[in-house]
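Structural overview for review
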Amino acid sequence: MTAIPAVRPTGAHRGRRAANRRSGRPEDAPRWERPALAAVLVVATVLYSWGIGHAALHPFYGAAIRSMSSGWRAFFFGGLDASGSISIDKLPGAFWPDAVSVWLFGPRTWAAALPQVVEGVLTVWLLHRIVRAWAGPFAALIAALVLTLTPVTVVLARATIPDTALTLLLVAAAGALQKAVRTERLLPLITCGIWVGLAFQAKMLQAWLVLPVFAAVYQLVAPGAPLKRALRFLLGGAVALAVSCFWVLIAWATPAADRPYFDGTSDNSPFALVFGYNGLSRFSSDSTAFGAVAGTATSRTTGNTGWGVLINQTIGPQVAWFLPLAVLATVLGVVWRARQPRTDMLRAGFLMWGGWLAVHTLVFSASNGNHAYYTAVIAPALAALTGGGLSLFRSEYESAYEPEQGPDHEPEHGPNHEPEQGADHEPEREPVPWSPYLSAHESEPWSPQVAVDESEHGPARAWGGRRHMALPVAIALTAAWALVLDWPTRFVSWLLPVAVMLALCGVVGLWSRGPRTSPRMIHAALAAGIAATLVVPAGWAVSSLDPLYAGAAASPMTGPVGNSYYQHQHRAPRRIGLDRPSARDTALLDYLSAHRNGEKYLLATQAAYTAEPLLRAKSEPILVMGGFTGSTPFPTAQQFGSLVADHQVRYALLTTQRPTTPATTWVKSHCTRIRPTAYGRRTVGSFALYDCSPQK
């Protein structure tokens, strides 16, 4: 494949290029790039913040966010109530920005959801920068668009769930690794370890899933001797481990009396919380592995697992619209660049993002069950591979139609040309500092002025004649896959003809290119093809703006799928925000406040399920017996009896929806049940309020 030779820069021009790279200014950035990126970020901001005042706050984490904003103990340790008697069942790091926002702006629903929106938009912007440095502005724009319009990304951006923060921090880690490989500097590798460690604070062990991929990519691609590469990555890994474990070690060293009881554990150990309840128990048949308490139907999902996890009827429409294209891009990107030097950055990018996708898919397949929103972490990998793949396919497509040079053409320099020794000669070229506006590899494959190595492609047109078909095939494959994913529900069936028509225009226009076809026609065909791949997932993404198609607050997902949709097919599930109690909860809170006589706790509740609406309505010390599942052995019956005797707690609210524990048995045998009409209830229902006053 004959290429248009690149213009060799003069010494002065090389100096200007180096200065631009060091300053981070864009060099020859397309005029459309900044307006296009701005438009994508505006779309992302609108989609992610739509209806933020009525955002679907997670009932459990929403309650904890309000409590964490009320005091340092609850904030640092993730206390579920204002007194920090028991923690949430996760590390608190992902909720620190939410708690700070509520502390700054007050207990408002939009204040709790605002950091999630910011994290979502930042992820889009950061992915654009990373992909641009790897594969160019065209790839970066496609990646940003795909991530913005991924349905699970849109629906999760308004939910107070840790996965949005996890995704942002891991994308930042990927960018730091890319910079470390490109520049051969140690600081970006250490920065990568810091980002991974902070991601651990958001979602614990899931943050470490990228480490094997990062290690392999760095060892295979980074410059330097193998031992030097290994030692450097070990140092970065040590940094990741130290940042990951800093909260766990502080919590472990803090006396139990000075911190909350760790929910989800049978031994009040932060290690059991991380490695047991949120680790081994999710993959083992033993739900109590490593000190974890047994999960319940409400705390453990058992569906969406196995090898088809990403393409089933529930998860497929949330994230997998570009899965075939991403797999195709990974395979062809690695195979086509196989003859490049070991340090080839374009191939490294396909390895990194493809490995990210593969490892997460393997883990999701092996787990006991997954919520649909867990898969949000693979959305950046799918988006990056889509952008990088289409950019690579486009480059090969354009190269196949470049005019052949005539026999009289004399290349500027032969393959064995040795430059003259002179003032402008640069014997050795130092690594160029990384810039988001520059290619991560020397040849800048997105540029039309690319000199293609003949040794890579062999006879000019042989490879090009086959490779140029990848672009229309990828568009046709992705459009057909969209029909497959939408077909079981036919949710956006009115968009399917649009997608088919656009795909036909794009594929036929690209496939039928001739010598006299104008570039404008080719660009129009490419735009139609890309639009065909985006229109159906965009329809699903936009549907989540309607609460009816946004899933449950505890398990957000888009479209007519999931238990929440089938339970509320004609009405959206009720959204309960901060500081907006129902009439029933208001009556109960008024009753408890009126009869409170100096007790530390306003109320003791059986499990978090009973306390959540009260904690979202009012920041008060509430003793949550049993934690999230209701099975955590805190407080014991003896401890609760001592609290009652010491006038620390008087009332207890029990429910039939959670398992009986020794503490609830003590309440039933020692306390007096109050008539429901006394605290605003007309019927007995599943709740019962008890008065445990010693005078009774």
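Please read all numbers here as calculations on a predicted model, not as lab measurements.

Details of the overall build of the protein
Tallying secondary structure elements over the protein gives 27 helices and 7 strands in all. Counting over 696 residues, the protein shows a buried share of 56%. Look at the contacts in the protein between residues 6 or more apart in sequence, and 74% of them connect residues 24 or more apart. When the accessible surface of the protein is summed, it comes to about 29,100 Å², and 62% of that surface belongs to carbon and sulfur atoms.

Description of the pattern of salt bridges
This model, assessed by the stated rule, comprises 11 salt bridges. With a closest N to O distance of 3.6 Å, lysine 90 and aspartate 89 form a salt bridge. Aspartate 89 sits in the buried class, given a relative accessible area of 2%. Look at the salt bridges and you will find they share partners, linking Arg596, Lys618 and Glu620 into a network.

Quick look at the packing of aromatic side chains
Following the criterion strictly, the structure yields 26 aromatic pairs and no others. Both rings, one in phenylalanine 76 and one in tryptophan 96, keep their centres 6.1 Å apart while their planes meet at 20°; by these two values the pair is stacked. Remark: tryptophan 96 occurs in helix α5 (residues 96–105) and phenylalanine 76 occurs in helix α4 (residues 72–77); sequence separation between them is 20 residues. Between tryptophan 252 and phenylalanine 271, the ring centres sit 6.3 Å apart and the planes meet at 70°, which makes this aromatic pair edge-to-face. Within this pair, whereas tryptophan 252 is found in helix α12 (residues 226–253), its partner phenylalanine 271 is found in helix α13 (residues 270–277), the two being separated by 19 residues in sequence. For tryptophan 252, a relative accessible area of 55% puts it in the exposed group. Here phenylalanine 271 falls in the partly exposed class, since its relative accessible area comes to 26%. An aromatic cluster is built from Phe75, Phe76, Phe77, Trp96, Trp247 and Phe262, whose rings are joined through pairwise contacts. A cation over a ring is seen here: arginine 394 above phenylalanine 138, with NZ or CZ 4.6 Å from the ring centre. The ring centre of tryptophan 487 lies 4.0 Å from the NZ or CZ of arginine 490, which sits over that ring.

Details of the pairing of strand β4 (residues 622–625)
Side chains on a regular strand alternate between the two faces of the sheet. Covered by surrounding structure in β4 are Ile622 and Val624 together with Leu623 and Met625, the residues of both alternating faces. Pairing of strand β3 (residues 603–606) with β4, which is carried by 4 bridges, proceeds in the parallel orientation. Bridged to glutamine 606 within β4 is methionine 625. Crossover connection from β3 via helix α25 (residues 607–617) to parallel β4: handedness right-handed.

Remarks on the sheet that holds strand β5 (residues 651–655)
The strands making up a sheet associate through backbone hydrogen bonding, with each pair oriented either parallel or antiparallel. The strand order β4-β3-β5-β7-β6 describes an open sheet built from 5 strands, whose pairing is mixed. Only two strands of the sheet have a single neighbouring strand rather than two, namely β4 and β6 (672–673). Here β3 runs beside β5; their pairing, made up of 2 bridges, is parallel. Across the sheet, residue threonine 605 finds its bridge partner in β5, namely leucine 653. On the sheet, helix α27 (residues 662–670) packs against β3, β4, β5, β6 and β7 (687–691) and is oriented at approximately 115° with respect to β5.

Describing helix α11 (residues 211–221)
Buried residues of α11: Val213, Phe214, Val217, Tyr218 and Val221, and no others. Viewed end-on, α11 has its buried residues packed into an arc of 125°, placing them on one side of the element.

Looking at the state of the cysteines
Summed over the entire model, instances satisfying the criterion amount to 1 disulfide. Covalently, cysteine 671 is tied to cysteine 692 through a disulfide, its sulfur atoms 2.0 Å apart. Handedness here is read from the sign of the S-S torsion; for cysteine 671 and cysteine 692, about 105°, the answer is right-handed. Of this pair, cysteine 671 sits in the loop between α27 and β6 while cysteine 692 is found in the segment after β7, placing the two residues 21 residues apart along the sequence. Looking at cysteine 671, the relative accessible area reads 10%, which means it is buried. A residue is classified by how much of its surface remains accessible, and cysteine 692, at 4% relative accessible area, is buried.

Quick word on the side chain of glutamate 396
Structurally, glutamate 396 is set in helix α17 (residues 379–400). One polar contact links glutamate 396 to arginine 467, side chain to side chain, over a distance of 3.3 Å.

Concerning the environment of alanine 113
With respect to the helices and strands, alanine 113 occurs in helix α6 (residues 109–135). The class for alanine 113 is buried, based on a relative accessible area of 0%. In the structure, alanine 113 is positioned 57 residues away from alanine 56 in sequence and 8.6 Å away in space, judged by C-alpha atoms. Not counting residues within four places of it along the chain, the set of residues in contact with alanine 113 comprises Ile52, Ala55, Leu57, Ala157 and Arg158.

A short note on the confidence of the model for the protein
Caution applies to low-pLDDT regions: their predicted coordinates should not be interpreted in detail. Mean pLDDT for the protein: 87, with 85% of residues reaching 70 or above. Per-residue pLDDT stays below 50 along residues 1–26; that stretch engages in 53 contacts with residues further than four places along the chain or on separate chains. Of the regions scoring below 50 in pLDDT, residues 404–464 engages in 106 contacts with residues more than four places distant in sequence or in other chains.

Remarks on the packing of helix α15 (residues 323–336) against α17
Across the interface, α15 lies against α17 with an axial gap of 8 Å and an inter-helix angle of 55°. In terms of orientation, α15 lies oblique with respect to α17. You can see that α15 and α17 cross each other, and the crossing is left-handed. For the pair formed by α15 and α17, the contact residues are Leu323, Leu325, Ala326, Leu328, Ala329, Thr330, Leu332, Gly333 and Trp336 on the first element and Leu382, Leu385, Thr386, Gly389, Leu390, Leu392, Phe393 and Glu396 on the second. Taken together, the residues that form the contact of α15 with α17 break down as 12 nonpolar, 4 polar and 1 charged.

Conventions used here
Residues numbered from 1 in each chain as written. Predicted model: local features only at pLDDT ≥ 70, side-chain atom pairs only at ≥ 80, totals over all residues. Heavy atoms only, no water. Helix = DSSP H or I, 4+ residues; strand = E, 2+ residues; numbered from the N terminus. Buried < 20%, exposed > 50% of the residue type's maximum accessible area, 1.4 Å probe, protein only. Contact = heavy atoms within 4.5 Å. Areas by Shrake-Rupley, 256 points an atom, 1.4 Å probe, with all protein chains shown as cover. Salt bridge = Lys/Arg side-chain N within 4 Å of Asp/Glu carboxyl O. Phe/Tyr/Trp six-rings, centres within 6.5 Å; stacked < 30°, edge-to-face > 60°. Lys NZ or Arg CZ within 6 Å of the ring centre and 35° of its normal. Pairing = 2+ DSSP bridges. Right-handed = clockwise from strand over helix to strand, strands pointing away. Axes fitted to C-alpha atoms, helices over the stretch in contact; angles between N-to-C directions. Arc of directions from axis to C-beta. Disulfide = S-S within 2.5 Å. Polar contact = N/O pair within 3.5 Å; in protein donor to acceptor, adjacent residues only side chain to side chain. pLDDT = per-residue confidence, 0-100. Parallel < 35°, antiparallel > 145°, perpendicular 65-115°, else oblique. Left-handed = near helix turned anticlockwise from the far one by under 90°. Nonpolar A, V, L, I, M, F, W, Y, C, P; charged D, E, K, R; others polar.

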